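Next come the chains, spelled out residue by residue.
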Amino acid sequence: MNRSTTEGPRALMRRVRSTGMERYVIHDGHRGFDRLEVLARVHGPDTSALLDRVGVDTGMDCLDLGCGGGAVTLELAHRVGPAGRVTGVDADENVLVLARETAAAQGVGNVEFKAGSAYDDLGHATYDLVYSRFLAHHLSRPVALLRGMWAAVRTGGALVIEDADFDGTFGEPPNEGVDTFTRLYAALLQRNGGDPAAGRKLFGYFHAAGIQQPHVGVVQLVSSHGEAKELRLLTFMAITERLLADGLASQQELDSALARLGEFIDDPNTILGSPRVFRLWARK
């Protein structure tokens, strides 16, 4: 069992604490894998419902771009069956090692994990489904991302993307830790080439990329307890080193905000709203 499911937020906090191009601002590799597993469990049901709506059939060839720990990649692999094939691509080779280990442990043989950039040539009319989740808000060229993804979709296939709009986050009642995280994460993304409001801009980006009339929807999780609430703290802890390195916060400011956020998450009388997640898809 993942330790984050059994430790309280403050105990977890104590344990974790013991370029001209975009930079991924969250801990990656082994340190980030636990957080990615929590993220997958929190957002997995909504992603599964979206894939049901789009339609993923046996025998399809799929691509998961920015696959991270491979949770969606493996779900796609189960959906397409032995006659299908799924490729997961991520820039972090360390997390891909862990994704391959997970696939092997589950006995999934119709999946391949590759290291690569979001802007790499994905091929022409190569896949029945090209998917991405929570990648675009880390990038400075989202239209180029979409053009490459769309080019890789076969006629009759679909492009599916989910991404966040952090302007929608909230804590109720208001909390210093929630507000400080939201402000600092947005500043860190912008400093490193990303956009915290990318989710709500995707519709316009689709049109700029020549992808007409995409389906669009939005979901937002609101939680009073559990992993959906804890995920905010995990993400905050995972960016503290970069915040310090980039001069966006002092250690004293971070310690205070983390303590306030931990108290807020522990309190069952508070609610936390996740970023709004915009989900768009189009069929070629």
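Structure: above.
Residues numbered from 1 in each chain as written. Predicted model: local features only at pLDDT ≥ 70, side-chain atom pairs only at ≥ 80, totals over all residues. Heavy atoms only, no water.

*Asks:* Could you give an account of the sheet that holds strand β3 (residues 111-115), with specific residues and numbers?
*Replies:* Taken together, the 7 strands give an open sheet; going across it, the order is β3-β2-β1-β4-β5-β10-β7, and neighbouring strands pair in mixed fashion. In the strand order of this sheet, the two ends are held by β3 and β7 (215-219), each with one partner. Ignoring which end each strand starts from, the neighbouring axes of this sheet average 15 degrees apart. Packed on one face of the sheet, helix α3 (residues 71-80) meets β1 (61-65), β2 (85-90), β3 and β4 (127-133) and runs near 170 degrees to β2. The strands touched by helix α7 (residues 198-208) are β5 (153-165), β7 and β10 (276-283); relative to β5, the strand with the most contacts, the crossing angle is about 150 degrees. (Pairing = 2+ DSSP bridges. Helix = DSSP H or I, 4+ residues; strand = E, 2+ residues; numbered from the N terminus. Axes fitted to C-alpha atoms, helices over the stretch in contact; angles between N-to-C directions. Contact = heavy atoms within 4.5 Å.)

*Asks:* Go over the pairing of β5 with me, naming the residues and quoting the values.
*Replies:* Sheet faces and side chains relate simply in a regular strand, where the side chains alternate between the two faces. Along β5, 10 of the 13 residues are buried, which leaves the element largely enclosed by surrounding structure. Here β4 runs beside β5; their pairing, made up of 6 bridges, is parallel. Each bridged residue has a counterpart across the sheet, and for Arg-133 the counterpart in β5 is Glu-162. Considered for its hand, the β-α-β crossover made up of β4, helix α5 (residues 142-151) and β5 is right-handed. (Buried < 20%, exposed > 50% of the residue type's maximum accessible area, 1.4 Å probe, protein only. Right-handed = clockwise from strand over helix to strand, strands pointing away.)

*Asks:* Break down the side chain of Arg-35 for me, citing the residues and quoting the values.
*Replies:* Structurally, Arg-35 can be placed in helix α2 (residues 29-54). Asp-90 provides the closest opposite charge to the buried, salt-bridge-free Arg-35, at an N-O distance of 9.7 Å. A polar atom in the side chain of Arg-35 sits 3.2 Å from the side chain of Thr-235. (Lys, Arg positive; Asp, Glu negative; His and termini not counted. Salt bridge = Lys/Arg side-chain N within 4 Å of Asp/Glu carboxyl O. Polar contact = N/O pair within 3.5 Å; in protein donor to acceptor, adjacent residues only side chain to side chain.)

*Asks:* How would you summarise the packing of aromatic side chains if you had to cite specific residues and measurements?
*Replies:* For the structure on display, the rule yields 3 aromatic pairs. Put simply, the rings of Phe-166, Phe-181, Tyr-185 and Phe-236 pair up and form one aromatic cluster. Sitting above the plane of the Tyr-119 ring, Arg-141 keeps its charged end 3.8 Å from the centroid. Stacked on the ring of Phe-264, the Lys or Arg Lys-229 has its end atom at 5.4 Å from the ring centre. (Phe/Tyr/Trp six-rings, centres within 6.5 Å; stacked < 30°, edge-to-face > 60°. Lys NZ or Arg CZ within 6 Å of the ring centre and 35° of its normal.)

All quantities given are derived from atomic positions and should not be read as evidence of function.
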